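# Commentary on secondary and tertiary structure
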Amino acid sequence: LPIDEEKRNRIRNQEFGFVFQFHYLLPEFSAIENIILPGLIRGESESRLRQRAEELLNDLRLMGRKDAKPYRLSGGEQQRVAVARSLINQPEIVFMDEPTGNLDPRHSEEMIDMVLQQKQKHQLAIVMVTHSHEIARKADRHLTLRQGKLFPAS
């Protein structure tokens, strides 16, 4: 059965988290404000969201940067804020599209390790698109997309 747009938006906001190759942070808001925004849209209390956001910031080694605007953050820090934002509503599934595509190899590995720690801590399912074989090998399961079809990775 098709679902209406309002229900689709609610599911997207509450059940899924999204991290894109480019972080899409709102420049006028601080890191913590960017993180709590999806929770505010959901209707949660700001104090509860800030508490959860601070825990995520701490886990992602960003607590000292919580009040910084995006232009004051490095690319890796911006992407970690995007990861925290994807987790604020405690989704069941997080979709990631090349989340380390704009990071150097060292920062990519750090970022993926932090993401995997969050996966364990919050019992998440993560669906990630990556061109990196090193990152793909860290997954519980990985598939290869060739000519529009998915195949078990070899």
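Computed from a predicted structure; not experimentally measured.

## Examining the pattern of salt bridges
- Evaluated as defined, the whole model comprises 12 salt bridges.
- Close ionic contact of Glu54 with Lys66 constitutes a salt bridge, the shortest N to O distance being 2.8 Å. Here Lys66 lies in the loop between α3 (46-59) and α4 (75-87) and Glu54 lies in helix α3, a separation of 12 residues in the sequence.
- On the accessibility criterion, Glu54 (29% relative accessible area) is partly exposed.
- A salt bridge links Lys121 to Glu55, with the nearest nitrogen and oxygen atoms 2.9 Å apart. One end of the pair, Lys121, is in helix α5 (residues 105-122); the other, Glu55, is in helix α3, with 66 residues separating them in the sequence.

## Considerations on the pairing of strand β5 (residues 149-152)
- Of the pairings in the sheet, the one linking strand β4 (residues 143-146) to β5 comprises four bridges and is antiparallel in character. By the bridge assignment, Arg146 is partnered in β5 with Lys149.
- The turn linking β4 back onto β5 is made up of two residues, and Gln147 within it adopts a positive phi angle of 50°.

## Overview of the confidence of the model for the chain
- Mean pLDDT over the chain: 88, with 99% of residues reaching 70 or higher.
- Mean pLDDT across the elements of the chain bottoms out in helix α1 (residues 5-15) (81) and peaks in α3 (94).

## Details of the packing of aromatic side chains
- Under the criterion given, the structure shown has five aromatic pairs.
- Measuring from ring centre to ring centre gives 5.3 Å for Phe16 and Phe95, while their planes differ by 85°; the resulting arrangement is edge-to-face. Of this pair, Phe16 sits in strand β1 (residues 16-19) while Phe95 sits in strand β2 (residues 93-97), and the two are 79 residues apart along the sequence.
- When its relative accessible area of 29% is taken as the criterion, Phe16 is described as partly exposed.
- Between Phe18 and Phe20, the ring centres sit 6.2 Å apart and the planes meet at 5°, which makes this aromatic pair stacked.
- Judged by its relative accessible area of 28%, Phe18 falls in the partly exposed class.
- Geometry around Phe151 places Arg146 over its ring, the cationic atom sitting 4.5 Å from the centre.

Criteria and cut-off values
Residues numbered from 1 in each chain as written. Predicted model: local features only at pLDDT ≥ 70, side-chain atom pairs only at ≥ 80, totals over all residues. Heavy atoms only, no water. Salt bridge = Lys/Arg side-chain N within 4 Å of Asp/Glu carboxyl O. Helix = DSSP H or I, 4+ residues; strand = E, 2+ residues; numbered from the N terminus. Buried < 20%, exposed > 50% of the residue type's maximum accessible area, 1.4 Å probe, protein only. Pairing = 2+ DSSP bridges. pLDDT = per-residue confidence, 0-100. Phe/Tyr/Trp six-rings, centres within 6.5 Å; stacked < 30°, edge-to-face > 60°. Lys NZ or Arg CZ within 6 Å of the ring centre and 35° of its normal.

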